[in-house]
Amino acid sequence: MTAIWVDASAGASGDMLLGALVGAGVPLPVLQDAIDAVTPEPVTLRVEEVRRGGLAATRVHVEGTDSAHHRAWRDIRPLLAGTALRVFERLADAEAAVHGTTPDEVHFHEVGALDAIADVVGVCAGFAHLGATTVTVSPVAVGSGTVQTAHGTLPVPPPAVAELLRGVPSYAGPAAMETCTPTGAALLTTLATAYGPQPAMAVASIGVGAGGRDPEGHANALRLFVGGETTSAGVPLLLECNVDDLDPRVWPAVIAALLDAGASDAWLTPILMKKGRPAHTLSALVDADRAPAVRAAIFRQTSTIGLREQPLTKHALDREMVEVQVDGRAVAVKLAHHDGVVVNAQPEYDDVARAAADLGRPVADVLAEATALARKFL
Ligand SMILES: O=C([S-])c1cc(C(=O)S)c[n+]([C@@H]2O[C@H](COP(=O)(O)O)[C@@H](O)[C@H]2O)c1
Ligand code: NI
């Protein structure tokens, strides 16, 4: 299972994506053959190793003469199929929306040029070659300021980009220039299966695709991480919600239900919520593979209608179970090792309580005796 993560923190364009694909190991003929199959006039890809903001990057030049720079969507549509067609459909829909017309009436300017068509077809062929099952795209940096186009001066993000990135995490930056083009936005939003930071994956290759300009202050390059999907099982998560309207007598049952569902710990913290309401934060620690069951238990057992989650880094000491005898009753003791040294020795409370009941002795006495015996392991 191949996973791709696109780092669009310096923006995205068709040629940046082409460069990143080549840099990540996609053979140039894969891209060139796909382009040759659709472009009405010859278009040649040329690869150059360049630097962007001090980073080594792959620049793909799309070269050829374009006798019909401005094309209508109805002229481009018959050339395309599959994912490339979907990318251009998104471009046509976005153009139609921002210019107040219909996709059929859309007349592309720069994005209808042969190099834009080649970008779209080449990038789609490259992604198909990698055969990724997931394509996660980072929040997209769109730049800021203005840009000169065939439409005249446009604000950044240009209207087509803003339209294409509706519902997608994006932000101004990293420089006062257009960093995400309509072609880049249409490609990212068609290919993405998810948006966010790099998912858990074993990265095998990284492609750094150069943009045309090399501005001061940031590396104008898009990074493509290609690797094997790894499961997130074992990643500890903290699940939390604030609740102000649950009968407090129910909380012990809630905590028990979360532990039953696989939480490694669950607890309540009293808080003062909005409107001065006394309430509780319910917290649960859980490994990612058990999280669906614990989430379900929270929603089933409490009145919350949402919860928040964060991945955690846990430092767990090695544990070992030993046994001590209190008046002939076995009490388990948990030893914790740090760097090979026992740093903690705790009798298991349930065993202590059972032994105390069996012996007819106060729990505190049995606990003190078991603790004294346990301390001999330190
Ligand atoms: O070609 C068209 S119709 C076009 C529309 C828009 C709008 O935002 S509307 C913007 N542009 C500009 O063209 C260049 C090239 O874009 P590519 O996607 O082909 O790289 C870019 O500066 C766009 O902002 C073109
Ligand atoms: Ni336009």
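It should be emphasised that the depicted structure is a prediction, and the values quoted were computed from it without experimental measurement. (Residues numbered from 1 in each chain as written. Chains lettered and ligands numbered in written order. Predicted model: local features only at pLDDT ≥ 70, side-chain atom pairs only at ≥ 80, totals over all residues. Heavy atoms only, no water.)

We now examine the sheet that holds strand 15 (residues 265–272). Across the sheet, which stays open at both edges, the four strands sit in the order 15-16-14-17 with antiparallel pairing between neighbours. Each edge of the open sheet carries a strand with a single partner, namely strand 15 and strand 17 (308–311). Here the strands of the sheet are splayed against their neighbours by 20° on average, with no regard to which way each runs. As defined by bridge partners, strand 14 (residues 236–243) adjoins strand 17 across four bridges and the pair is classed as antiparallel. Bridging from a neighbouring strand, Leu237 pairs with Pro311 of strand 17. Of the strands in this sheet, strand 14, strand 15 and strand 16 (278–287) are in contact with helix 8 (residues 251–260), which crosses strand 15 at around 145°. Of the strands in this sheet, strand 14, strand 16 and strand 17 touch helix 9 (residues 291–301), which is tilted by about 10° from strand 14. (Pairing = 2+ DSSP bridges. Helix = DSSP H or I, 4+ residues; strand = E, 2+ residues; numbered from the N terminus. Axes fitted to C-alpha atoms, helices over the stretch in contact; angles between N-to-C directions. Contact = heavy atoms within 4.5 Å.)

Across the interface, helix 10 (residues 349–359) lies against helix 11 (residues 363–374) with an axial gap of 9 Å and an inter-helix angle of 125°. Our classification of the angle between helix 10 and helix 11 gives oblique. Regarding helix 10 and helix 11, the two cross each other, and that crossing is right-handed. Between helix 10, through Tyr349, Val352, Ala355 and Ala356, and helix 11, the contact on the second element is made entirely by Val363, Val366, Leu367 and Ala370. When the residues that make up the contact of helix 10 with helix 11 are grouped by side-chain class, the tally is eight nonpolar, no polar and no charged. (Parallel < 35°, antiparallel > 145°, perpendicular 65-115°, else oblique. Left-handed = near helix turned anticlockwise from the far one by under 90°. Nonpolar A, V, L, I, M, F, W, Y, C, P; charged D, E, K, R; others polar.)

To continue, consider the coordination of the nickel ion (ligand 2). For the nickel ion (ligand 2), the full set of protein donor atoms is Glu95 (OE), Glu95 (OE), His99 (NE2) and His151 (NE2), and the range of their distances to it is 2.1 to 2.5 Å. Exposure remark for His99: the relative accessible area of 40% places this residue in the partly exposed category. (Donors = N, O, S within 2.8 Å, 3.2 Å for Na, K, Ca; no water. Buried < 20%, exposed > 50% of the residue type's maximum accessible area, 1.4 Å probe, protein only.)

With that settled, the discussion passes to the environment of Asp75. With respect to the helices, strands and loops of the structure, Asp75 is situated in helix 3 (residues 73–76). A C-alpha to C-alpha distance of 66 Å links Asp75 and Leu317, two positions 242 residues apart in sequence.

The next subject is the sheet that holds strand 19 (residues 329–338). Judged by pairing direction, the sheet is antiparallel, and its three strands sit side by side in the order 18-19-20 without closing on themselves. Both outer strands of the open sheet, strand 18 (318–326) and strand 20 (341–347), are each paired with one neighbouring strand and no more. In this sheet, adjacent strand axes meet at a mean angle of 30° when their direction is disregarded. Relative to strand 19, strand 18 is paired through nine bridges, and the arrangement is antiparallel. Note that in strand 19 the partner of Val324 across the bridge is Val331.

Once that is clear, we can look at the environment of Ala210. Assignment of secondary structure puts Ala210 in strand 12 (residues 201–210). Note on Ala210: relative accessible area 0%, which makes it buried. Not counting the four nearest positions on each side in its chain, Ala210 is found in contact with Asp15, Met16, Val50, Arg52, Ala57, Thr58, Arg59, Asn220 and Ala221.

Among the nonpolar cores identified, the biggest contains 58 residues, and Val6, Phe88, Phe108, Phe127 and Leu224 are the most heavily contacted of them. Counting residues per element, this core draws most heavily on helix 5 (residues 114–130), at nine residues. The residues contacting Phe127, other than those within four sequence positions of it, are Ile4, Val6, Leu17, Leu21, Ala132, Val135, Leu191 and Leu224. (Core = buried A, V, L, I, M, F, W, Y, C linked by side-chain atoms within 4.5 Å.)

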